[in-house]
Amino acid sequence: ASGEEDGAVEEKETNNKKRTKGAIATAWLTFYNIAMTAGWLVLAVAMVRFYFHKGTHKGLYKTIARTLKFFQTFALLEIGHCAIGIVRTSVIVTGVQVSSRIFMVWFITNSIRQIQNEESVVLFVVVWTLTEITRYSFYTFKLLNHLPYFIKWARYNLFIVMYPLGVIGELMTIYGALPYVRRSGMYSLRLPNKYNVSFDYYYFLIIVMLSYIPLFPQLFLHMLRQRRRVLHGEVIVEKDE
Amino acid sequence: MKHYEVEILDAKTKDKLCFLDKVEPNATIGEIKSMFHKSHPQWYPARQSIRLDPKGKSLKDEDVLQHLPVGTTATFYFRDLGAQISWVTVFLTEYAGPLLIYLMFYFRVPFIYAPKYDFTTSKHWVVHLACMCHSFHYVKRLLETMFVHRFSHGTMPLRNIFKNCTYYWGFAAWMAYYINHPLYTPPTYGEQQIRLALIVFLFCQIGNFSIHIALRNLRPPGSKTRKIPYPTKNPFTWVFLLVSCPNYTYELGSWLGFTLMTQCLPVAFFTLVGFIQMTVWAKGKHRSYLKEFRDYPKLRSPILPFVL
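Conventions we followed
Residues numbered from 1 in each chain as written. Chains lettered and ligands numbered in written order. Predicted model: local features only at pLDDT ≥ 70, side-chain atom pairs only at ≥ 80, totals over all residues. Heavy atoms only, no water. Contact = heavy atoms within 4.5 Å. Buried area = accessible area lost by both parts, 1.4 Å probe. Salt bridge = Lys/Arg side-chain N within 4 Å of Asp/Glu carboxyl O. Polar contact = N/O pair within 3.5 Å; in protein donor to acceptor, adjacent residues only side chain to side chain. Nonpolar A, V, L, I, M, F, W, Y, C, P; charged D, E, K, R; others polar. Patch = residues over 30% accessible without salt bridge, like charges linked within 9 Å, V, L, I, M, F, W, Y side chains within 5 Å. Areas by Shrake-Rupley, 256 points an atom, 1.4 Å probe, with all protein chains shown as cover. Helix = DSSP H or I, 4+ residues; strand = E, 2+ residues; numbered from the N terminus. Buried < 20%, exposed > 50% of the residue type's maximum accessible area, 1.4 Å probe, protein only. UniProt positions renumbered as here; feature names shortened; annotations may be inferred. Pairing = 2+ DSSP bridges. Arc of directions from axis to C-beta.

Colleague: What exactly am I supposed to notice about the interface of chain A and chain B here?
Modeller: Interfaces are often described in size by the accessible area the parts lose on coming together. Between chain A and chain B, the residue contacts involve eight residues of the former and eleven residues of the latter. Interface of chain A and chain B: buried area, both sides summed, is about 820 Å²; carbon and sulfur atoms make up 57% of it. Of all residues in chain A, the largest losses of buried area upon contact with chain B belong to Leu191, Lys194 and Asn196 of chain A, amounting jointly to 59% of the total for that side. The interface formed by chain A and chain B holds zero salt bridges in total. Put simply, chain A and chain B have six residue pairs in polar contact (both at pLDDT 80 or more) between them. Class assignment of the residues belonging to the side of chain A that touches chain B gives a composition of four nonpolar, three polar and one charged.

Colleague: Hey, could you run me through a nonpolar patch on the surface in this one?
Modeller: Residue and element names in this part refer to chain A. There is a patch of nonpolar side chains on the surface, built from Trp106, Phe107, Tyr187, Leu189, Phe199 and Phe204 and spanning about 530 Å² of accessible area. Inspection of the secondary structure puts tyrosine 187 in the loop between helix H7 (159-184) and helix H8 (201-240). Judged by its relative accessible area of 40%, tyrosine 187 is partly exposed.

Colleague: Just checking my understanding: could you explain the UniProt feature "transmembrane region" (unreviewed entry) in chain B for this structure?
Modeller: UniProt's feature table lists "transmembrane region" (unreviewed entry) at residues 85-105, 164-184, 196-215, 235-250 and 256-281 of chain B, given in the numbering used throughout. Span residues 164-184 of chain B is 76% helix and 0% strand, its end C-alpha atoms 28 Å apart.

Colleague: Just to check I follow, could you spell out the UniProt feature "transmembrane region" (unreviewed entry) in chain A for this structure?
Modeller: All names here are of chain A. According to UniProt, the feature "transmembrane region" (unreviewed entry) maps to residues 31-52, 73-100, 120-138, 158-181 and 201-221 in the numbering used here. For residues 120-138, the end-to-end C-alpha separation is 27 Å, with 100% helix and 0% strand making up the annotated structure. The span residues 158-181 is 96% helix and 0% strand, and its two end C-alpha atoms sit 34 Å from each other.

Colleague: I tried to follow the pairing of strand E1 (residues 4-10) of chain B on my own but got confused; where do I start?
Modeller: Taken residue by residue, a regular strand's side chains alternate between the two faces of the sheet. All names here are of chain B. Burial analysis of E1 places six of its seven residues in the buried class, which makes it a mostly covered element. Here E1 runs beside strand E2 (residues 16-23); their pairing, made up of five bridges, is antiparallel. Pairing of isoleucine 8 across the sheet is with cysteine 18, part of E2. Counting the residues in the hairpin turn of E1 and E2 gives five residues, including lysine 14, whose phi is positive at 65 degrees.

Colleague: Could you clarify how one ought to interpret helix H3 (residues 77-84) of chain A in this entry?
Modeller: Within an α-helix, residues lying three or four positions from one another point in the same direction, as the helix has 3.6 residues per turn. Residues and elements named next belong to chain A. For H3, every residue scored as buried is listed here: Glu78, His81 and Cys82. Looking straight down H3, one finds that the buried residues subtend no more than 95 degrees of arc, so they occupy a single side. Exposed side chains of H3 directed beyond 90 degrees from the buried face belong to Ala83 and Ile84. At the exit of H3 stands glycine 85, carrying a positive phi of roughly 90 degrees.

Colleague: Would you mind showing me how to read the pattern of salt bridges here?
Modeller: Any two side chains of opposite charge can pair if their charged atoms end up close together. All names here are of chain B. Scanning the entire structure with this criterion turns up ten salt bridges over all chains. Here lysine 33 ties to aspartate 61 by a salt bridge, and the two come within 2.8 Å at their closest N and O atoms. Taken together, the residues lysine 33 in helix H1 (residues 29-39) and aspartate 61 in the loop between strand E3 (48-51) and strand E4 (73-80) connect sequence positions 28 residues apart. Its relative accessible area of 7% is what places lysine 33 among the buried residues.

Next up, the structure:
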């Protein structure tokens, strides 16, 4: 009999530990999403203020660079969230999305000065800002159990316009950077060397651009499927009422 | 002798696909598959998955009708496994590719390197050695496929051949390009490094072959029995004391040797990717050994002694 009691006590302790872990995870995720919403809002405000004062986009990147790099890099944590299971999304999908952002920020825009004032950069930064503010506020309100319909609507509808525009901005930026990459030979390794390997960043970028062709439709269709699942369910409930 | 009636339903739609009457009680699933094939010629036996439950495990070809938990009217569910291709065909294709592709780079066939190098040979003797080792490795694999290995399954899904060939052929081309390049740099520590690498490589090739022979001898011809492998008189098999899948251990060793010999980063990368895949396979095999055999030796690890 005492053996059974011990077992019951142990189970209660494990359940308590699970509940505590769940509470800590929710608290951390709420803080994370509030912080990221705020960060991207700051970026939005900075961009609007710059345009009001200067009337041009030239020099905009330099002004927002630090903030953009900080908050976009911080998003790497999201891969960790999926890996330890406190967010139920595929690690691979999150990994691909965050990696492509990190790549655009650090390996294209930050390192190739000559393209920083291109219009295509403004395009994808604006798109990212609008998308991230919507996304992080969606998560925040969801975690706090007070999700307004308009945010849910925005999250599952704006992407239809934002995704293609963002892809256009990113591709145009990479394409514009190609001549400078070729001329400078940056991030490239030529033969002969003792590792007997070579790497040509110029051709690598061309492969990256080509990879958008299979990857973008898949990500876009994934979002469309999620949209149908989330919004379609709602429609049925309303009809019954 | 009481005969059975067999009905086969589609696992997804539950449609009645086939009805067989007067089936012998000692008929095997394999024989039932042949009968099903007659009424549905597009589904050859290799692509049939027959099960007792729509979502259950596939029954084996050797399973006998009267020993299964079915009444005299047996209901089976059918799932199409898709187009199949034999393991032997896949292995031969995926291994012949690297053999030929590497040689194309070694002989500097036109359109790979600058025209002035066409059909020239490398001035570094390690490059000739590397070609011999690489070719030997794949010839060995081809011969083992034809004469040594005894496969449990006859076939695998057709799409695997595209996946596997892309992997083997792609990596072979990538490695061969650099090793046979006119601007190739020989290993930093020269003859010492190459000699050590060659010893490791040959040792592991012999080891790998010994394991393949030992595994073959576990299974009489034509049978699909599974037994625990044990060390034999051949010292190269004594590693069975510490490892479940020493063939993979030796394979890793061979490629580490080849990496050391060529000092080529793409080779190191190929070794790493292969190691990851073999570890996944070794862990799976180790787990199924533990599940199937109560008395499985506790000292063994899947692929690396004591470590992994």
